Structure formats: structure tokens, C-alpha cells
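# Tertiary structure, described
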Amino acid sequence: MRFGGNLTLDEAFELGFDHVALATGAGKPTILDMPGGLARGVRQASDFLMALQLTGAARAETLANLQLRLPVVVIGGGLTAIDTCTEALAYYPIQVEKFLSRHELLVAERGEHAVRQHWSEEDHEIADEFINHAQAIRAERRLAASEGREPHLRELLQSWGGASVAYRRGLTDSPAYRNHEEITKALEEGIRFIPGLSPVAVEMDDFGSATGLQLKDRDGQPHRLPARAILVAAGTVPNTTLARERTDITIDGKFFQAVDEDGAIVTPERLAKPGVSQVLMHVDGFDRTISFFGDLHPSYAGNVVSAMASAKQGHPVVTRAMERRRASTVSGPQLFEIMNQRLRASVHAVNRLTPTIIEVVVKAPAAALAFRPGQFFRLQNFEMLARKVGNTSLAMEGLALTGAWVDTEKGLVGLIVLEMGGSSDLCAHLRPGEPVILMGPTGAPTHVCGSETVLLAGGGLGNAVLFSIGGAFRKAGSKVLYFAGYKNAHDRFKVADIEAAADVVVWCVDGGDGFAPNRPQDRSFVGNIVEAMVAYGEGRLGEQAIPITDVDRIIAIGSDRMMAAVAKARHNRLAPFLKREHQGIGSINSPMQCMLKEVCAQCLQKHKDPVTGEEKVVFTCFDQDQPLDKVDFVSLAERLSQNSTWEKLSKAWIDRSLRQAGLRS
């Protein structure tokens, strides 16, 4: 469940809750501004740790694709940095041994060429690196067993670069030193602590992957650490995203605004043991009270010990606040029944739309009611309910999927899935009635107004996203010109929904025979979507029921290559037909994991101002609709391929598992 998505503050009180306590833990990660900061191999520590725990990547039976190379350098000096370094060192041998065992089985059954035929040069390099390291670990385990001793894995890991923590100050100055036992244990496990160095830039190879970290010492002298994985644990700031979603929540500096028990604004002491614990927030009047704890609070931010203190000191305040409020008329059993009915999601139907595209319909009443066009969800099956094939659990990784449609009366959410290998191939085997996890909706809804002419450009699966967006624009009074593009004729789906979302549709297919339009105002074109727009603008497709010269806004949704092509064409080939002041928007589906809005930072995406050249990093999970002219599509492509080698091996492994289970011929 995402608070603020399928359950809002207002709904929580309406359901019968007497109080809401915000204890959301670690906040928004601090992003380091340095060249190469989003290169492949560079992750936020929160991203790495969350991926490790959420996906169970360290377990042999999971399908997780968490790709980590040595050497590892962790930037930071807190406990998170120490934990990240030790976890990376512990995960690496498990990862490569898992890779080797699956690769060996697949090669034995299919041959090496069949397994690797679609791999890139870099994929081959990384795979061979993993395999060589795993074979060395396997040999050491066998030798250790024959000699009756523990295997010397630490020495092997260190010979491949090991894992280091680089901190700008000294060891005794680091926040982690307050719990120096943790550091002692980490050093015993083989990590290195390198003091007095601040990061400057990430070095990259010809593939765009990290190879090293440039740093400087306190005197400004340059240093370099080899690094194939750079994990950033530079601290967090309170995640006050909720205040951006509501107008009745205020901010005091970087924290939420506190109020006393009578609702008057107060400034809490910046002490973990304040004289008076001020943990209440003023929201919706005195009758509806909300409290906030831990890193969200100025008195208790910083570490888990202080967070525990906030709960101990704050719970009497919450108790008194609830005693002053009339008790809810909703009983406990009634509340649980309502929550189960509204918030528990299950599969309603799975429909095959094309040979490679399916529709998963999920019954999730609260999610359906909260959805707005342009928002998205995260879909997963439950591991305990997933099929087991041999020693593999067919529990999917979280899939970020945009809502195609909702039926609020029936409580249904329609999601369109492109089977690309990997976890997306498991969706076809979800069973009606099966409980699933549907987090969301999340992300900012698409901005819809009723006085524009809007051009929608959908590429392949991107067309599923545009059903609801086009319908919303038309309902608001805008005119919609829709270019629907496909690689092959059999890729087209939901034709009636696309027609309902547009005043005019131009059906595009890359090759073969063109589509036959059903409506007199619609058109057909053989070629890519940019060529279709040019042909339409030049009048080669006949009369323009909606002139392209009237377009005020372009919304492009598709692959990163398709959106990059549309972004570029607006300034050259399409420029003669478009208003100079038109807006270009792309729905950016970058890698996403937590989808709680700005927590794990897997969704980071680089923007570059085309006029000033200024660069900044944005969280795509908060607002996926981004100005086409600012999106760095090269960076986006690199981010999407963070786990490329593992994903390609997993694609073959899932295919093997589905065949063994009799679910694929």
C-alpha cells in the first residue's frame, strides 16, 4: 500500500481511524552532484539495500536481477555506508555462484551460442568475469573442504578489488563511530575504511559503465580508487513529499511543521531528549490529529536510536490527543472488513491481446477509485503463492505498469504488459482470484486542460498509457490527434479504446501492409511515427481533420529511442508544421523500485536545460511526465541497462522454468 495513493489522509479518517502516525523511516537520499554520477554501476545505497532485501537477491531460488561488480566503493561515513559495504561484500560471492550455476545448466541444455546470441560485447565481458570469479570460489570451497578448514573467500574478494568506504573526514569523526562495534566487525569482514577523501567524478569505460572514482583529499590533492560499483550513502533529508501532495500540510525548514496539543504552532527542540515532546502536526483541524516521528522530526532525526526515542517519548502525546477526540463509531472488525475489501488486490482476469501483449485486470477498489490518467502501479505476485519449479520460485520482480483503464463501480484496474522475457512473462500465468500486490496509484497525473489541441504519440506498449489520457483530454474539451505506432501489424491492440481516445487517429506500422482505418477521418501510414507526422504535416495523407499546425501540446509515450526521436524531430523535420511555443512532454519510464516517491532513488534521471546547459537530477517516480527537451535520453538508456547481463540470463532461465512447469511449449 502507498499512503497518499490508494489510501489518503482523508480516507483514513473516514474509514474510522482515530489518529495517523507518520513513521516512514529513512528519508530522501542526498544526491551527489558530480560528473558520471548516474553512470552504470553507480547506485544510491538505499537502492542497493532495498533491492537486496525486497527481491531476496541473495537467495538461490529468486529471480532477482541485482547486478554488482567488484571493486566496490561506498561513499559516506554513517552506519548505512558501513552496512552497504559489508552487504556488498557478502552478496558478491553468492551472486556469481548463482550466475555460474544457471549459466552452466542453460549451456548444457541449449548450447552456449543459443544462451548468449543476443548478448552485447559488455554482457559477454561481465558474464565471463562473474563465471571466472565463481569458478575460483568453487575451487576454494572444494580445497577448503578437503583440508577441513573454512574457505578463504575474503582473500579472493580482496584480490578482485574488494569493498571500501571512502569518507571525507576521519574514522573517529564519522557518524558510524558512535557505534564503533559495527565498524570493528566490518573491518574484520574485510572492508577497508579510507578517510579524508571526497568524491569528484566517476570514470567510465567505452560502454558507459563505472571503472573508477576520482577523489580529492583535504589539501585538494587528487586520488583515484578503482571501482566497478559505486554506492552512495551520503545521508538523507526528511522525505516531506506528502506536503507537496496536500495544501493543508506545512513545512518548517526541512521538516514538517509541529503543533502543540492545542494546535498552536511550535518549534521543537533540536534534542533527542527534549523537555517537551512535540510530535503533533496540524491537519484538517484539531479533531483530526497526525503525529510524526524519527527522521521526519527535528528532535529525533539522524539514527534509529533517536527514532526509537521519539516513539517512547511521543506515544503519551498521541494517547492524550485521541482521548480528547470522540471515539470512532466503527468497530475493529468492521474496520478490518472494510480495509480487506478495499485494499486487498486480486487477479480478476488475464486476457491475451497480441502474441506478446497481455492485459492483467486486477480487482483493487481503492486503487481504481484513486487512479488518475497518467499514473502508474507496481504489480507483483506473492512469493509464498508463486509456483515452484525445481529450486526456483516464479515470484516476479516488481513491474512498473501504467494504468490503462479503471472501472470504479466494479473496482477494476486494467494493466497492459509487454512480454519481454523476465518477470513480465510470468504475468500471463497469474490465475483469476489469486491475491497480488498492487502498489499505487503513484506518480503525478498527466496535466489535462480543455482548451488545447493535443498530439498523442504512442509507440507499441506506450499506446496502452494513452487510452485514459486521450479520453481525459477529450472529456475536458480538447481536440486529440493521435499517432499510434507499431513495429508489426499483429502488435496492435484495443483499437476501439484508441479510437475513443482521439478525434483523429493516424495508424502507423514500421513495415508490411498498412492498417485499414475504421473511421473516415482516420489515416494509415507505413513507416515510423516521425515519418508519419511529417507525411501528415505535408498533406500526403489527405485532408487534415485536425491541422497539425493547431497542436499546442505533444505527449509522447513509448521506448526511450522513440521518445528521443520525437523530441529531436520537433526541432527539425517537424518544425515547419508546429507552433513555436508548443509543449513537448514525454512519459519517462525509468527504472523504478520502491514507488513510494523519492525513497530508494532507483528512478533518478538526468535533465539538461537545452538553453543554459544546466544539469540536474530528478526523481521520475514523483513525476514521470517530463519536458522532452530536458530529458537526457542517453543517460536514460544507460540507467535502463543497469542489470542488463543478469536480465538476459534470467530471461533464458525463466523460459526454462516455464517449460519445465508445462506452461510453455
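These remarks concern the structure in this document. (Residues numbered from 1 in each chain as written. Predicted model: local features only at pLDDT ≥ 70, side-chain atom pairs only at ≥ 80, totals over all residues. Heavy atoms only, no water.)

### Observations regarding the sheet that holds strand E31 (residues 583-587)
Where we set the bar: The rule for pairing is simple: two strands pair if DSSP sees at least two bridges between them. Secondary structure counts use DSSP, requiring at least four H or I residues in a row for a helix and at least two E residues in a row for a strand, with both numbered from the N terminus. Angles shown run from 0 to 180 degrees and are taken between the N-to-C directions of axes, each axis being a line fitted to C-alpha atoms and, for helices, limited to the stretch in contact. The criterion used for residue contact is that any of the two residues' heavy atoms lie within 4.5 Å.
Strand order in the open sheet formed by seven strands is E29-E28-E27-E26-E30-E31-E34, and the pairing between neighbours is mixed. Two strands lie at the open edges of the sheet, namely strand E29 (523-526) and strand E34 (625-627), each paired on one side alone. Here the average twist between neighbouring strands, direction ignored, is 20°. As judged from the five bridges shared by strand E26 (residues 453-459) and strand E30 (residues 553-557), these two strands associate in the parallel manner. Residue Leu 455 lies in a different strand from E30, and its bridge partner there is Ile 554. Running at roughly 135° to strand E27 (residues 479-486), helix H14 (residues 529-537) makes contact with E26, E27, strand E28 (504-509) and E29 of the sheet.

### As for empty space enclosed by the protein
Using the following cut-off: Of the two site types, the cavity is a set of points on a 1 Å grid over the protein atoms alone where a 1.4 Å probe fits but cannot get out, and the pocket is an open set with protein on both sides within 12 Å along at least five of seven lines, each lined by residues with an atom within 4 Å of a point. Grid points are joined across faces, edges and corners, and a volume is the space filled by probe spheres set on the points.
Enumeration according to the criterion identifies six cavities of 30 Å³ or more in this entry. Here the largest cavity is characterised by a volume of approximately 180 Å³. Taken together, 18 residues make up the lining of the largest cavity; nearest its centre are Arg 40, Gly 41, Gln 67, Arg 69 and Gln 642. Among the secondary structure elements, those contributing two or more residues to the lining of the largest cavity are helix H5 (121-147), strand E10 (229-232) and helix H17 (644-660).

### Observations concerning the pairing of strand E4 (residues 72-75)
Cut-off, in case you're wondering: Exposure is judged per residue with a 1.4 Å probe applied to protein chains only, and the accessible area is read against the type maximum: over 50% gives exposed, under 20% gives buried, and values in between give partly exposed.
Covered by surrounding structure in E4 are Val 72 and Val 74 together with Val 73 and Ile 75, the residues of both alternating faces. Sheet topology places E4 next to strand E5 (residues 163-166); four bridges connect them, and they run parallel. Looking at the pairing, Val 74 lines up with Val 165 of E5. With four bridges joining them, E4 and E10 adopt parallel strand pairing. Each residue of the ladder has a partner; that of Val 72, found in E10, is Ala 229.

### A short note on the sheet that holds strand E8 (residues 210-216)
Strand order in the open sheet formed by three strands is E7-E8-E9, with antiparallel pairing between adjacent strands. Of all the strands in the sheet, just strand E7 (198-204) and strand E9 (222-226) have a single pairing partner and so form its edges. Averaged over all adjacent pairs, the angle separating strand axes in this sheet is 25°, with direction ignored. Bridge count for E8 against E9 is five bridges, and the pairing is antiparallel. Residue Lys 216 lies in a different strand from E9, and its bridge partner there is Pro 222.

### A few points about the pairing of E29
Residues in a regular strand point their side chains to alternate faces of the sheet. Only one face of E29 is covered, namely the face carrying Arg 523 and Phe 525; the face carrying Ser 524 and Val 526 is uncovered. Examined bridge by bridge, E28 and E29 share four bridges and lie parallel to one another. Bridge pairing in E29 places Val 506 opposite Arg 523.

### So, H17
This is how the line gets drawn: Helix span, expected: 1.5 Å multiplied by one less than the number of residues in the helix.
Compared with the 24 Å implied by 1.5 Å per residue over 17 residues, the 24 Å span of H17 between its first and last C-alpha is a close match. The element H17 is largely enclosed, with a buried count of 12 among its 17 residues. Those residues of H17 lying buried are Ser 644, Thr 645, Trp 646, Leu 649, Ser 650, Ala 652, Trp 653, Ile 654, Asp 655, Arg 656, Ser 657 and Leu 658. Looking at the buried positions of H17, the neighbouring elements they touch are helix H3 (79-110), H5, strand E21 (388-389) and strand E22 (392-393). A positive backbone phi angle near 75° is found at Gly 662, which sits one or two residues after H17.

### Here's the deal with the nonpolar core
Formally: Nonpolar cores were defined as sets of buried Ala, Val, Leu, Ile, Met, Phe, Trp, Tyr and Cys residues, with membership established by side-chain atoms within 4.5 Å.
Ranked by size, the top nonpolar core spans 76 residues in total, and within it Val 72, Val 362, Leu 379, Cys 427 and Leu 438 carry the most contacts. The element that contributes the greatest number of residues to this core is H3, accounting for 11 residues. In this structure Val 362 touches Ala 345, Ser 346, His 348, Leu 379, Gly 411, Leu 412, Val 413, Leu 415, Val 436 and Leu 438, once residues within four positions along its chain are discounted. Core analysis: the second largest hydrophobic core is formed by 34 residues, Leu 481, Ala 535, Leu 578 and Leu 628 among them.

### Comments concerning the packing of aromatic side chains
Stated precisely, the cut-off is as follows: Between the rings of Phe, Tyr and Trp (Trp by its six-membered ring), a pair exists once the centres lie within 6.5 Å; its type follows the angle of the planes, with under 30 degrees stacked, over 60 edge-to-face, and the other angles tilted.
Taken as a whole, this structure holds 11 aromatic pairs when the rule is applied. Between Phe 99 and Trp 646, the aromatic rings sit 5.2 Å apart at their centres with planes inclined by 85°, giving edge-to-face as the arrangement. Of this pair, Phe 99 sits in helix H3 while Trp 646 sits in helix H17, placing them 547 residues apart in sequence. For Trp 646, a relative accessible area of 1% corresponds to the buried category.

### Quick word on the side chain of Ser 644
Turning to its location among the elements, Ser 644 is positioned in helix H17. With relative accessibility at 15%, the residue Ser 644 sits in the buried group. Those residues in contact with Ser 644, other than ones at most four positions away along the chain, are Gln 67 and Asp 123.

### Quick look at a nonpolar patch on the surface
Short version of the rule: Each patch is assembled from residues with relative accessible area greater than 30% and no salt bridge, linking like charges that lie within 9 Å and nonpolar side chains (Val, Leu, Ile, Met, Phe, Trp, Tyr) that lie within 5 Å. Accessible areas in this description were obtained via Shrake-Rupley with a 1.4 Å probe; residue shielding takes into account the shown protein chains only. When a carboxyl oxygen of Asp or Glu is within 4 Å of a side-chain nitrogen of Lys or Arg, the pair counts as a salt bridge.
On the surface, a nonpolar cluster with roughly 330 Å² of combined accessible area is contributed by Val 304, Val 305 and Met 308. Tracing the chain through its elements places Val 304 in helix H9 (residues 304-323). On the basis of relative accessible area, Val 304 is assigned to the exposed category, the value being 58%.

### Things to note about the packing of H3 against H5
Selection criterion: Every angle not falling under 35 degrees, over 145, or within 65 to 115 is termed oblique; those three ranges are roughly parallel, roughly antiparallel and roughly perpendicular. When residues are grouped by polarity, Ala, Val, Leu, Ile, Met, Phe, Trp, Tyr, Cys and Pro land in nonpolar, Asp, Glu, Lys and Arg in charged, and all others, Gly among them, in polar.
Where H3 meets H5, the closest approach of the two axes is 8 Å, and the angle between their N-to-C directions is 105°. Put simply, H3 runs roughly perpendicular to H5. Residue-level inspection shows Tyr 92, Pro 93, Gln 95, Val 96, Glu 97, Phe 99, Leu 100, His 103 and Glu 104 of H3 in contact with H5, the latter providing Ala 127, Glu 129, Phe 130, Ile 131, His 133, Ala 134, Gln 135, Ile 137, Arg 138 and Arg 141. Each residue belonging to the contact of H3 with H5 can be placed in one class, and the counts come to 10 nonpolar, four polar and five charged.

### A word on the layout of surface pockets
The probe, sized like a water molecule, is rolled over the atoms to show the empty space still left. By volume, the second largest pocket amounts to about 1,500 Å³. Every residue lining the second largest pocket is counted, 50 residues in all, and those nearest its centre are Thr 80, Gly 235, Thr 236, Asp 295 and Gly 302. Within the residue set of the lining of the second largest pocket, elements represented by two or more residues are helix H2 (45-55), H3, E7, strand E11 (236-237) and H9. No other element matches the five residues that H9 contributes to the lining of the second largest pocket. Here the residues of the lining of the second largest pocket sort into 28 nonpolar, 17 polar and five charged.

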